[in-house]
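A closer look at the structure
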Protein chains: 2
Amino acid sequence: MHLAELSRRSGVSVPSIKFYLREGLVPPGTPVSARKAEYSEDHVRRLRLVRAMLTIGKMSVAQARDVLAVAEDPAFTRHERLGAAQYMLPPHVEAPPQDSEERVVWDEIRGLILDELRRLGWRFLDTAPALDVLTQSVATLVGLGYDAPVEDFRRYAAAIRPMAEAEYATIALYEQIEEALEATVAYTVLVEPILLALRRLAHEDVSSRLRHGTGDEPAP
Amino acid sequence: MHLAELSRRSGVSVPSIKFYLREGLVPPGTPVSARKAEYSEDHVRRLRLVRAMLTIGKMSVAQARDVLAVAEDPAFTRHERLGAAQYMLPPHVEAPPQDSEERVVWDEIRGLILDELRRLGWRFLDTAPALDVLTQSVATLVGLGYDAPVEDFRRYAAAIRPMAEAEYATIALYEQIEEALEATVAYTVLVEPILLALRRLAHEDVSSRLRHGTGDEPAP
DNA sequence: CCGCCAAGGATAGTTGAACTATCCTTGGCG
DNA sequence: CGCCAAGGATAGTTCAACTATCCTTGGCGG
């Protein structure tokens, strides 16, 4: 198909597709002649993924480009691609505080988190960006005067572990099929809002029960 | 304290504080004379919260203003404020697809989700924005050619429910203390990245075990 | 063979958000 | 009485993400 049809199929305007091509978010079509390029079904999928990364994942164009680049770099093994893509996905902490006093608090919180997760037997690199995100969130919470939710923490971790196992299996399944190299990215970006939305609905349910709790039994 | 000191204490530049004052993200100080205003410790807290909403929560200035406005509007009861603030927090779905074919898929997915959650006994309004976010994410996943994760869904919901109960209790505790009106906002915005970061670390752990699984036992 | 013409690519312009710098007003104080 | 800095108002800047315009190119009809 040509640019015009790709635009129609994907719901992205022609100038925007050109922009994404320029930025390297979408691979160029195969040139069928010097002034015509042929686009495939993969391009439609890719455009949809890009839109999801930008709108749902709130990623910048630059971030999306970098993530997609490693996610499909044949120089890496599938496992490496998976890890590298995940490490590049936002959110990220720009830089830990330089201010010495804040830095002490930061390091202390990071240490506590690390200990707690190691105690659970979790294995990951000390350089995992998610660790810094965790530290930042907890540090901010503490800075606002709230207690660090350490016991909640253990509960969160225990609840999340089995989910991650199931998800990993699903992703690995799709990764076997070579056509779905971007499964990691799609699952990471799109399952996250699902989890958060469920959490909010659960809050609403809890709140509703406590307020106008009728004769119904609480959920198991 | 004066503007200059507020800036120092909060780590936000003076022009930015002025900007936030103008935009209504921070309440004005109490004017001690015509050219001097006194800012309190609450202003420091508020500025930190605002920065967290903008940087960690990736909210826009307008969204932050609206959320904070309802979160402390004395015209609402505590319970109403809680719900209203949560409903206004991002992410949001701008508009369901108008295209008739896509719209059918959308409604179908929305119906499936609603059925599933009702079957679990969850109570919430049909207008909850989180429902649309859920629908959008699942619809996008389906549009990319992945299966809708319905059985994972049940697992997610079951795992999240007890977390939500514990969190609600914590938030309610802080809400009792009148000085922490923004507890809902702080917890929603700051605990979400914690959950997502834990999920990513769990993925890394699972991946690491499957790859170079040593003699260690898998985590319970 | 020559020139037309549209697809596709290059270039510059637009828009909106989030600051940021400058100017202006004001009243306490020497 | 006039200086002067805090604080507020106004306009300017920067950056990302598009978006519109022009330009190049080569197949093809005359």
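The structure presented is a predicted model; accordingly, all values stated were derived computationally and were not measured.

1. With respect to the overall build of chain A
For chain A, the count of helices and strands is nine helices and two strands. In sequence order, chain A lays out its α and β elements as α-α-β-β-α-α-α-α-α-α-α. For 220 residues, the compact-globule formula gives about 17 Å, and the C-alpha radius of gyration of chain A, at 22 Å, lies well above that figure. Counting only C-alpha atoms and orienting by the principal axes, one finds that chain A spans roughly 65 × 55 × 30 Å. When each of the 220 residues of chain A is scored for burial, the buried share is 50%. At a minimum sequence separation of 6, the contacts of chain A that also span at least 24 residues come to 51%. As displayed, chain A offers around 10,600 Å² of accessible surface, 56% of which is attributable to carbon and sulfur atoms. Averaging the coordinates of the 26 positive side-chain charges in chain A and doing the same for the 33 negative ones gives two points 7 Å apart.

2. As for the interface of chain A and chain B
Contacts between the two partners involve 86 residues from chain A, matched on the other side by 86 residues from chain B. Roughly 8,400 Å² of surface becomes buried between chain A and chain B when both sides are summed, with 62% attributable to carbon and sulfur atoms. The partner of B:R199 in a salt bridge is A:E167, with the nearest N and O atoms 2.7 Å apart. Linking chain A to chain B there are 36 residue pairs in polar contact (both at pLDDT 80 or more). Listed by contribution, the elements that provide at least two residues to the side of chain A that touches chain B are α3 (41-55), α5 (78-88), α7 (129-143), α8 (150-176) and α9 (183-212) of chain A. Per-element accounting of the side of chain A that touches chain B gives the leading share, 27 residues, to α9(A).

3. Focus: the relation of the copies chain A and chain B
When chain A is fitted onto chain B, the two copies agree to an RMSD of 0.1 Å after a turn of 180° and an axial shift of 0.0 Å. Overall, the copies show the geometry of a two-fold rotation axis. In terms of C-alpha distance to the rotation axis, chain A has A:A159 as its closest residue, with the C-alpha 2.7 Å off the axis.

4. Quick word on the pattern of salt bridges
Within the structure shown, the criterion is met by 36 salt bridges over all chains. Among the ionic pairs, B:R9 bridges to B:E41, the shortest N-O distance being 2.4 Å. With a gap of 32 residues between them, B:R9 in helix α1 (residues 3-10) and B:E41 in helix α3 (residues 41-55) connect regions that are remote in the sequence. Assessed through its relative accessible area of 31%, B:R9 is described here as partly exposed. The class for B:E41 is partly exposed, based on a relative accessible area of 42%. Linked by salt bridges that have partners in common, A:R161, A:E165, B:D205 and B:R209 make up one network.

5. Some points on the packing of α1(B) against helix α2 (residues 14-23) of chain B
Residues and elements named next belong to chain B. Where α1 contacts α2, the axes come no closer than 9 Å and their chain directions differ by 100°. Put simply, α1 runs roughly perpendicular to α2. Between α1, through L3, A4, L6, S7 and S10, and α2, the contact on the second element is made entirely by V14, I17 and K18. Residues belonging to the contact of α1 with α2 are distributed by class as follows: five nonpolar, two polar and one charged.

6. Some words on the packing of aromatic side chains
The description of an aromatic ring pair uses the distance of the two centres, along with the angle that the planes make with each other. If you walk through the whole model with that rule in mind, you get eight aromatic pairs over all chains. Consider the rings of A:Y174 and A:Y187, whose centres lie 6.3 Å apart with planes at 35°: the pair is tilted. One end of the pair, A:Y174, is in helix α8; the other, A:Y187, is in helix α9, and 13 residues separate them in sequence. Each member of the pair, A:Y174 as well as A:Y187, is classed as buried. Pairing A:Y187 with B:Y146 gives two aromatic rings, centres 5.7 Å apart and planes at 85°, and the pair type is edge-to-face. Taken as a pair, A:Y187 in helix α9 and B:Y146 in the loop between α7 (129-143) and α8 (150-176) lie in two separate chains rather than in one. Residue A:Y187 shares its accessibility class with B:Y146, and that shared class is buried.

7. Re helix α4 (residues 61-71) of chain B
Where α4(B) is concerned, the buried positions are B:A64, B:V67, B:L68, B:V70 and B:A71. Seen along its axis, α4(B) keeps its buried residues to an arc of 165°; they face one direction.

8. What about the environment of B:R45?
Residue and element names in this part refer to chain B. Tracing the backbone through its elements, the reader meets R45 in helix α3. As for R45 and E182, which are separated by 137 residues in sequence, their C-alpha atoms are 10.0 Å apart. A distance of 2.5 Å separates the side chain of R45 from the side chain of E182, its partner in a polar contact.

9. Focus on the domain arrangement of chain A
Residues and elements named next belong to chain A. Split into domains, chain A comes out as domain 1 (3-88) and domain 2 (100-212). For domain 1 and domain 2, the distance between their C-alpha centres works out to 28 Å. Between domain 1 and domain 2, the residue contacts involve 16 residues of the former and 17 residues of the latter. Here domain 1 meets domain 2 over a buried area of about 1,400 Å², counting both sides, of which 71% is carbon and sulfur. At the boundary of domain 1 with domain 2, the tally comes to one salt bridge. A salt bridge links E182 to R45, with the shortest nitrogen-to-oxygen separation between them at 2.5 Å. For the pair domain 1 and domain 2, the number of links is one residue pair in polar contact (both at pLDDT 80 or more).

10. Quick notes on the side chain of B:H43
Residues and elements named next belong to chain B. Along the chain, H43 falls in helix α3. We classify H43 as buried; its relative accessible area is 9%. With sequence-adjacent residues up to four places away left out, H43 is seen in contact with L6, V26, P27, P28 and G29.

So, how was this worked out
- Residues numbered from 1 in each chain as written.
- Chains lettered and ligands numbered in written order.
- Predicted model: local features only at pLDDT ≥ 70, side-chain atom pairs only at ≥ 80, totals over all residues.
- Heavy atoms only, no water.
- Helix = DSSP H or I, 4+ residues; strand = E, 2+ residues; numbered from the N terminus.
- Rg over C-alpha atoms; globule rule 2.2 N^0.38 Å.
- Buried < 20%, exposed > 50% of the residue type's maximum accessible area, 1.4 Å probe, protein only.
- Contact = heavy atoms within 4.5 Å.
- Areas by Shrake-Rupley, 256 points an atom, 1.4 Å probe, with all protein chains shown as cover.
- Lys, Arg positive; Asp, Glu negative; His and termini not counted.
- Charge placed at Lys NZ, Arg CZ, Asp CG, Glu CD.
- Buried area = accessible area lost by both parts, 1.4 Å probe.
- Salt bridge = Lys/Arg side-chain N within 4 Å of Asp/Glu carboxyl O.
- Polar contact = N/O pair within 3.5 Å; in protein donor to acceptor, adjacent residues only side chain to side chain.
- Least-squares fit on C-alpha atoms with pLDDT ≥ 70 in both.
- Axes fitted to C-alpha atoms, helices over the stretch in contact; angles between N-to-C directions.
- Parallel < 35°, antiparallel > 145°, perpendicular 65-115°, else oblique.
- Nonpolar A, V, L, I, M, F, W, Y, C, P; charged D, E, K, R; others polar.
- Phe/Tyr/Trp six-rings, centres within 6.5 Å; stacked < 30°, edge-to-face > 60°.
- Arc of directions from axis to C-beta.
- Domains from an automatic or database assignment.

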